[in-house]
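# Structural characterization, general
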Amino acid sequence: MKNRFALLLTLLLAASVSMAAERPRLVVNVVVSGARMVDLERYEEGLRAGGFEQLLSGRSYPYAYYSFAPSTPSALAALSTGAAPSLSGVIGSGWWNNNNSSEMLVVEDAKCSTFNADNAASRVSNANLTLETIGDVVVREIKGGKSVSVAADASSAIVLGGLHPTEVWWIDSLGGRWTTSTKYKTTLPRWVDKYNASGFWRSRMGEEWVLSRTDGGYVNEHSLVAKPYGYKPPRNERDRRPTAKDVRELLYAPISNDMVADFAKEAIIYNRLGGDKATDVLNVCFDSPRRIAARYGLHSREVEDMYYRLDEALADLMTFASAQASGKVLFVFSTDGGVREVESDERVFNTAQARFLVNSFLSATYGKGDWVLGYRDGGLWLNHTLIFSHGLDLAALQRQVGTFMLGLRGASHAFTASEMMDGSVKEGVAAVVREGFYPKRSADIHLVLMPDWCEVAGEGTVPKVTSSQPYAPYRRAIVALSGMGVEQGVSIRERVDVRSLVVTLAEMLGVEAPLGAEGESLVQNSKFKIQN
């Protein structure tokens with residue numbers, strides 16, 4: 001009798017361990033660009049579909065911070081690799097190559113092309129990425145595991161996809177069709193061709209923005225372009241074909257979020273994501289919220305309406321994913337850093353003018369020449385070939401230019417690449433800048449603007465929000481886990497590092513953390529564990 005009891009107890013314990021260790025069949029990693037907790041709280045009563053509510057229903061970290069000043073590409077790299085730009089090399093949207101003085105975009109690859117598009121901007125791949133992502137680890141360590149990334153913007157999809165994705169999809173900027181690079185596919189799958197041929201979404205491109213609710217359904221009072229609820233466009237507008245401008249404007253309209261969510265469901269179906277016990281990863285990035293806020297303002301009805309529509313799209317996507325994976329889904333929610341309202345058109349830093357003034361200063365001092373290669377994301381790149389041909393000391397020239405740039409209106413701090421490399425800057429805002437510094441790619445001078453100033457390239461339209469600065473509000477993000485095995489209703493009101501998310505996911509999935517992942521698990525010393 002005792003032996004039977006011992007055997008039964010052993011079997012029960014083994015079953016309990018097996019159930020606790022069971023992995024989710026699908027990890028849905030949702031990134032909403034530019035979203036802030038204050039926005040979700042402001043529109044809480046109107047977010048009736050439950051998409052955001054479900055994403056935040058488990059274990060949330062509303063005080064997550066990036067250790068660097070995040071741009072969308074660098075933030076997405078940190079969210080997927082667990083590394084800051086100082087290690088990942090994804091310092092922003094691009095840089096200048098001092099070997100040949102040419103500009104290089106973060107996903108640029110002249111050896112590849114994009115289906116349905118043929119121009120320089122469409123030659124993209126993951127060739128410039130250096131670190132593996134959590135999706136790469138899943139593909140490598142879990143037999144049969146897949147990793148698929150979907151986003152409206154190519155850069156977002158590719159950075160999230162990492163080094164060895166199963167598939168990566170984005171909307172081409174010329175025709176508004178779903179596409180990928182020849183780096184990933186030799187031909188487009190039939191299901192993608194069929195989806196594009198249906199023409200449903202193309203028929204809606206360029207349509208006027210009509211608010212989805214009556215006046216009483218909004219917190220915000222003003223709108224810039226949106227028509228009131230119930231507005232019917234003229235018949236000639238309803239039947240027209242989309243123009244090239246309509247496609248270019250896609251990321252500034254809520255339809256792009258709907259397109260991303262809908263295509264993500266197609267990717268689940270045709271890749272059979274969550275269809276077996278092998279864990280799959282689906283990355284879904286919604287790029288439009290940040291851009292819509294920049295165009296219309298944080299307190300516009302356009303932004304509010306966009307969040308209500310996105311809430312519905314998220315709820316539908318999550319329900320669909322759960323059904324496909326028999327409910328064994330882990331949902332991950334994160335954002336790519338904060339934005340703030342531009343309070344005055346006077347607080348604008350003209351990057352083209354800054355580049356011109358620095359080049360003029362150096363030309364007057366050392367002789368006429370193209371001393372400046374470019375300016376991007378707060379960084380100024382100098383022409384090293386020209387500097388060395390004049391026998392000048394690079395570090396001394398960087399300091400000289402940094403001092404000059406501090407005299408420009410709106411400048412607060414200027415840090416040189418030499419200072420970053422010799423370790424002479426260690427604390428405060430300098431430490432934040434250093435976390436974003438990658439020696440082979442970063443600028444010669446990194447300029448920090450005064451609080452709430454924004455960059456504008458040339459005489460362009462002043463955006464209504466500013467971002468990508470080292471100050472805390474710009475670095476704040478949201479991180480949340482929900483779904484299979486996650487405790488319900490736990491909000492951790494402590495400051496955490498965004499990079500810890502990847503380490504946490506690796507622990508939960510029972511795989512190694514990606515090479516280069518920094519931070520500590522967010523669930524250490526807690527009762528958190530995967531349960532069935």
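The model shown is predicted, which means the values in this text are computed figures rather than measured ones.

Below, the discussion takes up unusual backbone geometry. Positive phi, normally seen in glycine, also occurs at Ser326, with a value near 55°. Its identity is not glycine, yet Asp452 carries a phi of approximately 70°, on the positive side. When its relative accessible area of 11% is taken as the criterion, Asp452 is described as buried.

Core analysis: the largest hydrophobic core is formed by 65 residues, its most contacted members being Phe52, Trp178, Leu282, Phe286, Tyr307 and Phe333. Counting residues per element, this core draws most heavily on helix α13 (residues 301-324), which supplies 10 residues. When neighbours within four sequence positions are excluded, Leu282 is seen to be in contact with Leu26, Val27, Val28, Asn29, Val148, Val150, Ala264, Ile268 and Leu273. Counting residues in hydrophobic clusters, the runner-up holds 58 residues, among them Trp95, Ile158, Val332 and Ala477.

One pass over the structure, following the stated rule, counts 20 salt bridges. With its nearest N and O atoms 2.7 Å apart, the salt bridge here joins Asp452 to Arg340. With Asp452 in the loop between β15 (445-449) and β16 (454-456) and Arg340 in strand β10 (residues 340-341), this residue pair connects regions lying 112 residues apart in the sequence. Under the relative-accessibility criterion, Arg340 is labelled partly exposed at 30%. Members of the salt-bridge network, linked through shared partners, are Glu435, Asp497, Arg499 and Glu518.

Bringing the pairing of strand β2 (residues 59-65) into the picture now. Most of β2 is tucked away, with 6 of its 7 residues classed as buried. Sheet topology places β2 next to strand β18 (residues 476-483); 5 bridges connect them, and they run antiparallel. Looking at the pairing, Tyr61 lines up with Val479 of β18. Of the strand pairs in this sheet, β2 and strand β19 (residues 490-491) are connected by 2 bridges, and their pairing is parallel. Residue Arg59 lies in a different strand from β19, and its bridge partner there is Val490. With 2 bridges connecting them, β2 and strand β20 (residues 496-497) associate as parallel partners. Bridged to Tyr65 within β20 is Asp497.

To continue, consider the sheet that holds strand β12 (residues 372-376). Taken together, 4 strands build an open sheet; the order of strands is β12-β13-β15-β14 and the sheet is antiparallel. Lying at the two open borders of the sheet, with one neighbouring strand each, are β12 and β14 (411-416). Each neighbouring strand pair of the sheet contributes to a mean axis angle of 20°, computed without reference to strand direction. One ladder, built from 2 bridges, connects strand β13 (residues 379-382) with β15; its direction is antiparallel. Across the sheet, Leu380 pairs through a bridge with Ile445, a residue of β15. Sitting on the sheet, helix α14 (residues 351-366) is in contact with β12 and β13, with an inclination near 155° to β12.

Bringing α14 into the picture now. Count 3.6 residues to each turn of an α-helix, and residues three or four apart come out pointing the same way. With 16 residues, α14 extends 22 Å from end C-alpha to end C-alpha; this agrees with the ideal 22 Å at 1.5 Å per step. Taken residue by residue, α14 has Thr351, Ala354, Val358, Asn359, Leu362 and Ser363 as its buried positions. Viewed end-on, α14 has its buried residues packed into an arc of 165°, placing them on one side of the element. Opposite the buried face of α14, at more than 90 degrees from it, the exposed residues are Phe356 and Ala364. Residues of α14 that are buried make contact with β11 (348-350), β12, β13, α16 (394-405) and β16. If you check the start of α14, you find a side-chain oxygen 3.1 Å away from the backbone N of Ala352, and it comes from Asn350. A positive backbone phi angle near 115° is found at Gly367, which sits one or two residues after α14.

What follows is about a negative patch on the surface. Taken together, the side chains of Glu41, Glu44, Glu45 and Glu53 define an acidic patch exposed on the protein surface. Counting through the fold element by element, Glu53 comes out in helix α3 (residues 51-55).

Okay, the packing of aromatic side chains next. Per the stated rule, a full pass over the model turns up 18 aromatic pairs. Taken together, the aromatic side chains of Tyr43, Phe52, Tyr218, Tyr307, Tyr308 and Phe333 make up a single cluster linked through ring pairs. In this arrangement the basic side chain of Lys227 is found over the ring face of Tyr231, its NZ or CZ atom lying 5.5 Å from the centre. The ring of Tyr65 carries the charged tip of Arg495 above its face, separated from the ring centre by 3.8 Å.

Contact geometry of helix α4 (residues 72-81) with helix α7 (residues 154-161) gives a least axis separation of 8 Å together with a crossing angle of 25°. The orientation of α4 with respect to α7, classified from their angle, is roughly parallel. Seen from above, α4 lies across α7 with right-handed handedness. On α7, the residues that touch Thr72, Pro73, Leu76, Ala77 and Ser80 of α4 are Ser155, Ser156, Val159 and Leu160. Within the contact of α4 with α7, the residues separate by chemical class into 5 nonpolar, 4 polar and no charged.

To continue, consider empty space enclosed by the protein. Rolling a probe over the atoms, with the probe sized like a water molecule, indicates the empty space that remains. Taken as a whole and assessed by the stated rule, the structure comprises 4 cavities of 30 Å³ or more. Roughly 80 Å³ of internal volume is contained in the largest cavity. Split by residue class, the lining of the largest cavity holds 5 nonpolar, 4 polar and 2 charged. Approximately 60 Å³ is the volume attributed to the second largest cavity.

The next point concerns helix α8 (residues 190-198). Of the residues making up α8, those classed as buried are Trp191, Val192, Tyr195 and Asn196. One side of α8 carries all its buried residues, which in axial view fall inside an arc of 135°. Structural note: α8 exposes Arg190, Lys194, Ala197 and Ser198 on the side pointing more than 90 degrees away from its buried face. Along its buried surface, α8 packs onto β6 (167-171), β7 (178-179) and α11 (255-271). In the stretch just after α8, Gly199 is the one whose phi turns positive, near 75°.

The next point concerns the environment of Val150. Within the secondary structure layout, Val150 lies in strand β5 (residues 147-151). In sequence terms Val150 and Phe263 are 113 residues apart; their C-alpha atoms lie 7.7 Å from each other. Beyond its immediate sequence surroundings of up to four residues, Val150 is in contact with Trp169, Trp178, Val260, Phe263, Ala264, Ala267, Leu282, Asn283, Val284 and Cys285.

The rules we used
Here the residue index of a chain counts from 1 through its sequence in written order. At least 70 in pLDDT is required for a residue's local features to be given in this predicted model, at least 80 for side-chain atom pairs to be given and counted, and no such filter applies to totals for whole chains, interfaces and linings, which use all residues. Remark: hydrogens and water are excluded; side-chain values derive from all non-hydrogen atoms of the structure. Note on classification: 1.4 Å probe, protein chains only; a residue is buried when its accessible area is under 20% of the maximum for its type, exposed when over 50%, partly exposed between these limits. Remark: nonpolar core denotes a set of buried residues (Ala, Val, Leu, Ile, Met, Phe, Trp, Tyr, Cys) joined through side-chain atoms within 4.5 Å. To qualify as a helix, a DSSP run of H or I must reach at least 4 residues; to qualify as a strand, a run of E must reach at least 2; elements of each kind are numbered from the N terminus. The criterion used for residue contact is that any of the two residues' heavy atoms lie within 4.5 Å. Between Lys or Arg on one side and Asp or Glu on the other, a salt bridge is scored when a side-chain nitrogen of the former is within 4 Å of a carboxyl oxygen of the latter. By the convention used here, strands pair only if DSSP detects at least 2 bridges between them. Note on method: axes are straight lines fitted to C-alpha atoms, helices fitted across the in-contact stretch only, with angles between N-to-C directions ranging 0 to 180 degrees. In this scheme, a helix's expected span is set at 1.5 Å multiplied by one less than its residue total. Think of it as the arc spanned by the lines of direction from the helix axis to the C-beta atoms. Think of a polar contact as two N or O atoms within 3.5 Å of one another; within protein, one of them needs to be a possible hydrogen donor and the other a possible acceptor, and neighboring residues in sequence only count if both atoms come from side chains. Note on patches: the residues involved have over 30% relative accessible area and no salt bridge, like charges join within 9 Å, and the nonpolar side chains Val, Leu, Ile, Met, Phe, Trp and Tyr join within 5 Å. Reported accessibility uses the Shrake-Rupley method at a 1.4 Å probe radius. Residues are deemed covered only where the shown protein chains occlude them. Counted charges follow a simple rule, with Lys and Arg positive, Asp and Glu negative, and His plus the chain ends left uncounted. In this description, the location of a charge corresponds to atom NZ of lysine, CZ of arginine, CG of aspartate or CD of glutamate. Each pair of aromatic rings taken from Phe, Tyr and Trp, with Trp reduced to its six-membered ring, is defined by centres within 6.5 Å and is described as stacked if the planes are under 30 degrees apart, edge-to-face if over 60, and tilted in the remaining cases. Put simply, a charge is over a ring when the Lys NZ or the Arg CZ is close to the ring centre, within 6 Å, and near the line of the ring normal, within 35 degrees. Any angle from 65 to 115 degrees is called roughly perpendicular, while one under 35 is roughly parallel, one over 145 is roughly antiparallel, and all others are oblique. Take the far helix as your reference; a near helix turned counterclockwise from it by less than a right angle gives a left-handed crossing, and one turned clockwise gives a right-handed crossing. In the scheme used here, Gly and all other residues not listed as nonpolar or charged are polar, with Ala, Val, Leu, Ile, Met, Phe, Trp, Tyr, Cys and Pro taken as nonpolar and Asp, Glu, Lys and Arg as charged. Buriedness of a pocket was judged along seven lines, with at least five required to meet protein on both sides within 12 Å; pockets are open sets of points on a 1 Å grid over the protein atoms alone, cavities are sets where a 1.4 Å probe fits but cannot get out, and lining residues have an atom within 4 Å of a point. Grid points are joined across faces, edges and corners, and a volume is the space filled by probe spheres set on the points.

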